[in-house]
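Coordinates in review
Listed here are the chains, written in short residue letters.
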Amino acid sequence: MSTYTVINPATEQPVQQVTLTSAEETDAAIERAATAQRRWRNVAPGDRAKLLRAFAAQVDAHIEELAALETAGSGHPSGAATWEAGQVRDVLMYYSAAPERMFGKQIPVPGGLDVTFAEPLGVVGLIVPWNFPMPILSWGMAPALAAGCAVVAKPAEMTPLTAIRIGELALQAGLPEGVFQVLPGKGSVVGQRLVEHPLVRKIVFTGSTEVGQQIMSGCARHIKRLTLELGGKSANIVFADADVEKAAATAPYAVFDNAGQDCCARSRILVEASVLDKFMALLEPAVQGVRVGDPTAADTEMGPLISAAHRAHVASYVHADAPVAFRGSAPQGPGYWYPPTVLAPVAADSPAYTQEIFGPVVTVTPFTGEDEAISMANDSPYGLSGSIWTSNVGRAIRVARGVETGNLSVNSHSSVRYWTPFGGFKQSGLGRELGPDAVDAFTEIKNVFIATE
Ligand code: NDP
């Protein structure tokens, strides 16, 4: 039996030992899920909805406990972790409305009529990363359960604690055994079995583009359905006609949220050249004002990175002669701390400008005019998120249409909204999560012809 010791990234102290699921145990869980799903799909839609609301109520009653677990196991500031646990509740509530609204169509055809049914896919495998263990779990779990699928979820090996607890809360809420299971373990063991097992009909994966490619080719062998949410290198585009004060004040939160370990991080700030100096003068105090420190403190805005290895990876982008314009603060002593760091000017071919760093490092680069802003934003294999700052409505729409990315905000640093579709262009992914249509991704459409003659 192998185990993994979860480490508190802020203290480097052990939090809890977790037993890792083996390949054989994964197979057994998938088979249990397949059996449970045959019953779950036949639970009356209104009853399935009630169970999802009961699940949301259980999560709501344990928000503080879940948040404290995330703070200890992932280093998320307690305010952020509380919001993340609340998002699990909200996403469950949102999709609890779906089972009673899964309508088919009636299609007039010669000699009879045709009706369509949205049938649940079956067992769904969720492979969840370490950066947002609770929200990303809920984005797949809630619509899949609503659709009548059974879910087998694999949290990241480093951050399994909240997912395990959410699995227990599902049972306490009355979800039948086997409908939602959480299997802590390694990607190369549990994740791979989910991809390979023929009873798993769909994989929802969030993580690196490299592993996403492997999973896509594994799914191809079984023609297995797949949603991929992968990396990003998103642009935060600031035009001279914008509220430059607001753009600069919010820019740190668009990239340093979750210590930059965010696929939506707007880690390339593009600023119209005529306001570059003004923007940089405003950005410096905003970056230095980010409160980095003890994640258990209520006013902390940024915690540590997830691990020592990840900190070394982030630091590799800020080599000795890197163009550091200015930095924020970070605690000394134990913990995987890294200060918010602004690089400028950076060459367009430098790894810090082109690669996903997944840490609190941002580049600032000037542009001239709309066309250059769009072409610089699009000069990336990724296309996940982005922000546009301008007071010109026409420009906002033109640039929003021109930037090849899945999720944009205008005059705002927001990124993911569970009411709206979320997903990437280009190498940032495949398919969409969230929003009103997410349940469709967990169903197949069946048409039935009924002869009337
Ligand atoms: P990975 O892509 O390796 O991990 C994401 C999830 O996939 C984890 O649960 C992991 O399991 C699992 N996994 C790994 N290998 C396989 C496999 N062969 N088959 C099935 N599942 C697998 O991300 P990392 O955690 O290694 O992070 C590396 C980089 O990826 C980051 O620095 C960042 O650039 C990017 N990333 C992007 C994310 C996003 O939200 N788009 C999220 C996380 C990372 P295990 O627990 O064993 O790692």
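Notes on the structure follow. What you are looking at is a predicted structure, and each value in this text was computed from that prediction instead of being measured.

1. Observations concerning the sheet that holds strand S11 (residues 268-272)
One open sheet accounts for seven strands, arranged S12-S13-S14-S11-S10-S16-S17; its pairing is mixed. Across the chains shown, the open sheet's two edge strands, defined by having one partner strand only, are strand S12 (324-327) and strand S17 (409-410). Taken together, the three bridges between strand S13 (residues 341-343) and strand S14 (residues 361-367) define a ladder with parallel strand orientation. Across the sheet, the residue bridging to Thr341 is Val361, located in S14.

2. Here's the deal with helix H8 (residues 209-222)
An ideal rise of 1.5 Å per residue puts 20 Å on 14 residues; H8 measures up with 20 Å between its terminal C-alpha atoms. Of the positions making up H8, those classed as buried are Thr209, Gly212, Ile215, Gly218 and Cys219. Where H8 is buried, its residues touch strand S5 (123-127), helix H7 (187-196), strand S8 (200-206), strand S9 (225-229) and strand S15 (382-383). Positive phi appears at Ile223, one or two residues downstream of H8, with a value of about 50°.

3. A few points about the site of the ligand
Of all residues adjacent to the ligand, which total 27 residues, the nearest are Val128, Trp130, Glu157, Gly187 and Ser208. Contact distances for the ligand include 3.1 Å between an oxygen atom and a side-chain N or O atom of Lys154. At 2.8 Å, a backbone N or O of Leu230 approaches a nitrogen atom of the ligand. Judged by the proximity of its atoms to the pocket grid, the ligand belongs to the largest pocket. Here the shell around the ligand is composed, by residue class, of eleven nonpolar, eleven polar and five charged.

Cut-offs and rules
- The residue numbers shown here count from 1 along each chain, following its written sequence.
- The model is predicted, so local features are restricted to residues of pLDDT at least 70 and side-chain atom pairs to those at 80 or more, both for listing and for counting; the totals for chains, interfaces and linings are taken over all residues.
- To obtain the side-chain values, all non-hydrogen atoms of the structure were used and water was disregarded.
- Pairing between strands is defined by DSSP: at least two bridges between the two strands are required.
- Note on conventions: DSSP H or I runs of at least 4 residues are helices, E runs of at least 2 residues are strands, and numbering of each starts at the N terminus.
- What a helix is expected to span follows from its residue count: subtract one and scale by 1.5 Å.
- With a 1.4 Å probe rolled over the protein chains alone, any residue whose accessible area is under 20% of its type maximum counts as buried; one over 50% counts as exposed, and the rest are partly exposed.
- Note on contacts: a residue pair is in contact if any heavy atoms of the two residues lie within 4.5 Å.
- For each residue, the test is whether any non-hydrogen atom lies within 4 Å of the molecule or strand; if one does, the residue is near.
- What qualifies as a polar contact is a pair of N or O atoms within 3.5 Å, subject to a donor-acceptor requirement within protein and to the restriction that residues adjacent in sequence count only when both atoms come from side chains.
- Cavities and pockets were defined on a 1 Å grid built over protein atoms only: a cavity is a set of grid points that admits a 1.4 Å probe from which the probe cannot escape, a pocket is an open set flanked by protein on both sides within 12 Å along at least five of seven lines, and lining residues are those with an atom within 4 Å of any such point.
- Think of it this way: if more than half of a molecule's atoms are within 2 Å of a pocket's grid points, that molecule is in the pocket or cavity.
- Under the convention adopted here, Pro, Cys and the residues Ala, Val, Leu, Ile, Met, Phe, Trp and Tyr are nonpolar, Asp, Glu, Lys and Arg are charged, and Gly plus all remaining residues are polar.

These values are about where atoms sit, not about what they do.
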